[in-house]
Amino acid sequence: MNYKHLHYFWKVASCGGVLRAAEALNTTPQTVSGQIKLLEERLGKALFRKDGRKLALTEAGRMALGYAEEIFSLGSELQEQLASEAAEGMPMEFRVGISDAIPNAVAERLLEPVLAMDVPVRMICREWRIDRLLSELALHRLDLVLADTPVPQGLSVKAWSHRLGASKMGFFARPELAERCREQPFPQRLHAMPLLLLGEDSAVSSQFRQWASMHKIRPRIVAEFDDAGMLAAFGGKGRGIFPAPMVLKDMLCQQLGVELIGVAEGIEQACYAITVQKRITHPCAEAIVRAAREGLYPLA
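Residues numbered from 1 in each chain as written. Predicted model: local features only at pLDDT ≥ 70, side-chain atom pairs only at ≥ 80, totals over all residues. Heavy atoms only, no water.

### Here's the deal with the overall build of the protein
Selection rule: The helix count covers DSSP runs of H or I at least four residues long, the strand count covers runs of E at least two residues long, and both are numbered beginning at the N terminus. As defined in this context, the radius of gyration uses C-alpha atoms, and a globule is described by 2.2 Å times the residue total to the power 0.38. Accessible area is worked out with a 1.4 Å probe on protein chains only. A residue is then buried under 20% of its type maximum, exposed over 50%, and partly exposed in between. The contact rule is simple, with two residues in contact once any of their heavy atoms fall within 4.5 Å. Only the protein chains shown count as covering a residue, and every accessible area follows the Shrake-Rupley method with a 1.4 Å probe. Here the positive residues are Lys and Arg and the negative ones are Asp and Glu; neither His nor the chain ends is included. The location of each charge is read from NZ of Lys, CZ of Arg, CG of Asp or CD of Glu.
When helices and strands are counted, the protein shows 11 helices and 10 strands. For a compact globule of 300 residues, the expected C-alpha radius of gyration is about 19 Å, and the protein comes in at 25 Å, more than 25% above that figure. Each principal axis of the C-alpha distribution contributes one length, and for the protein these read about 80 × 50 × 30 Å. Taken over 300 residues, the protein has a buried fraction of 43%. Relative to all contacts within the protein whose residues are 6 or more apart in sequence, the contacts with residues 24 or more apart total 75%. Carbon together with sulfur atoms contributes 50% to the accessible area of the protein, which is approximately 16,800 Å² in total. In the protein, 36 positive and 35 negative side-chain charges are present, and the distance between their average locations comes to 6 Å.

### Quick word on helix α6 (residues 130–138)
Because the α-helix completes a turn every 3.6 residues, residues three or four places apart line up on one side. Heads up, the condition is: The directions considered for the arc run from the helix axis to the C-beta atoms.
Within the sequence span of α6, burial applies to Ile130, Leu133, Leu134, Glu136 and Leu137. Around the axis of α6, the buried residues are gathered within 160° of arc, so they sit on the same side. Tucked into the core, α6 has its buried residues touching β3 (92–99), β4 (121–128), β5 (144–147) and β10 (259–275). Downstream of α6 by a residue or two, His140 has a phi angle that is positive, lying close to 65°.

### Structural notes on empty space enclosed by the protein
Selection rule: Only protein atoms enter the 1 Å grid, on which a cavity is a set of points fitting a 1.4 Å probe that cannot get out and a pocket is an open set with protein on both sides within 12 Å along at least 5 of 7 lines, lining residues being those with an atom within 4 Å of a point. Grid points are joined across faces, edges and corners, and a volume is the space filled by probe spheres set on the points. By the convention adopted, Pro, Cys, Tyr, Trp, Phe, Met, Ile, Leu, Val and Ala count as nonpolar, Lys, Arg, Asp and Glu as charged, and the other residues, Gly among them, as polar.
Scanning all chains against the criterion turns up one cavity of 30 Å³ or more. By volume, the largest cavity is sized at about 110 Å³. In this structure, the largest cavity is lined by Ser99, Asp100, Ala101, Arg129, Ile130, Asp148, Gly199, Asp201, Ser202 and Asp226. Within the lining of the largest cavity, the residues separate by chemical class into two nonpolar, three polar and five charged.

### Here's the deal with the pattern of salt bridges
So the rule is basically this: For this document, the term salt bridge refers to a Lys or Arg side-chain nitrogen within 4 Å of an Asp or Glu carboxyl oxygen.
Considering all chains together, one arrives at 14 salt bridges under this definition. Of the charged contacts in the structure, one is a salt bridge between Asp201 and Arg129, with a shortest N-O distance of 2.9 Å. Taken together, the positions of Asp201 in the loop between β7 (194–198) and α8 (203–214) and Arg129 in the loop between β4 and α6 put the pair 72 residues apart, joining distant regions of the chain. Overall, the relative accessible area of 44% leaves Asp201 in the partly exposed class. The partner of Asp250 in a salt bridge is Lys249, and the shortest N-O contact between them spans 3.8 Å. Judged by its relative accessible area of 58%, Asp250 is exposed. Its relative accessible area of 29% is what places Lys249 among the partly exposed residues.

### Observations regarding the pairing of strand β8 (residues 220–225)
Put simply, the rule reads: Any two strands with at least two DSSP-identified bridges between them are counted as paired. Classification remark: right-handed applies to a crossover when, strands pointing away from the viewer, the course from the first strand over the helix to the second runs clockwise.
Sheet topology places β7 next to β8; five bridges connect them, and they run parallel. The residue of β8 that forms the bridge with Leu198 is Phe225. Each parallel crossover has a hand, and the one from β7 via α8 to β8 is right-handed.

### Thoughts on the packing of helix α2 (residues 18–25) against helix α3 (residues 29–43)
Quick reminder of the rule: An axis is simply a line fitted to the C-alpha atoms; with a helix, the fit covers only the stretch in contact. Between two such axes, the angle follows the N-to-C directions and lies from 0 to 180 degrees. Convention used here: angles under 35 degrees read as roughly parallel, angles over 145 as roughly antiparallel, angles from 65 to 115 as roughly perpendicular, and any remaining angle as oblique.
Contact geometry for α2 and α3: axes closest at 8 Å, N-to-C directions at 105°. Here α3 runs roughly perpendicular to α2, going by the angle between their axes. Between α2 and α3, the residues in contact are Val18, Leu19, Ala22 and Leu25 and Pro29, Val32 and Ser33, respectively.

### Observations regarding the side chain of Gln269
Heads up, the rule is: We call two N or O atoms a polar contact when they sit within 3.5 Å, provided that within protein one can donate a hydrogen and the other can accept it, with sequence-adjacent residues counted only if both atoms are side-chain atoms.
Here Gln269 is to be found in strand β10. In this structure the side chain of Gln269 is engaged in a polar contact, spanning 3.0 Å, whose partner is the backbone oxygen of Ala101. If we ignore the near neighbours within four places in the chain, the residues touching Gln269 are Ala101, Pro103, Asp148, Gly165, Ala166, Ser167, Met169, Leu198, Val204 and Pro245.

And the structure:
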C-alpha cells in the first residue's frame, strides 16, 4: 500500500471535502482526487459516495478511516517519542484516563507513586466516560485507562483489562440522617430513605439495583451522579445516604463527618487498568499496578 494515498484519503475524510484537503496539503483538488482513486483501485473498494453536493464515507471508507487515524496517530507518537528521547532532561510523558466512576481519592492513591518515581515524569490525566476514554486509548492518545469495569463487550476496541483489585461498598450518611434509620437492621434501614447513587453506567449502580431487589428494599433515589466525587460531596452535605468503597472509610468519616451505616455484601467496586498491550510495560503503569496490589488492594 502507498501510504501517501492513504494520507490524502485521511485528509479528505478529516477536512470534509477534497477542496479543503487540497488547501491543507498545499496541492490541487485534481491531485487529491487522483490519489484517492489510486487507493480505491488498490483496495478494490469505493471509499466515498456522493451525498448531494458533499462526499460521504462508504462502509469500507469508515473502516479505512479508523485504520488511517490509528496509523497516523502512531506516526505522530513515534516522532514525539524520538524527539523526547533526544532532548536531555526531558521528563517521561504518561497519559492516563480515569473513568468518572472511580473516586478521586482512589485515583489519587493509585497515581501518587507515578510522581514519586526516580525519573522525572510529566503525567497528563483525562477524566471522561469509559467509552470516550477507550476511544482515545485505541488511538494511542492515552497510555492507560483506569475504570471500574473491564472493556465492555461489543465495543470495537482491541484492549486488555488488568484487574487491580476490588473493595466492598459501604453506605455512609451524616449523623443526623443515620439516626433516622438506626432502629432498623441493615440493609432494611435503607428502605424509603433518601439515597444518592452513581449513574447507570457505573458497575456499582447495576449491582445495587439487583441487591436492593433481592433484599426487597426501595430507597428513595434523590439524585444520580456520573462523578463519584460529586456524589460524595452531596452526601457530605447530608443530602442522602451514599455508597463508597470501604478502602476510603477512614478518609470519608474524617473529612466529611459521615458515619458508616452498613456494608453491602455482594456489591463491590473493582478497579481495572486497561491497555492496548497484553502485558503492562510502561514504567508508570507498572508503578500503578504495584500501588494497587501492594497498598490499596493488598488482598486482590
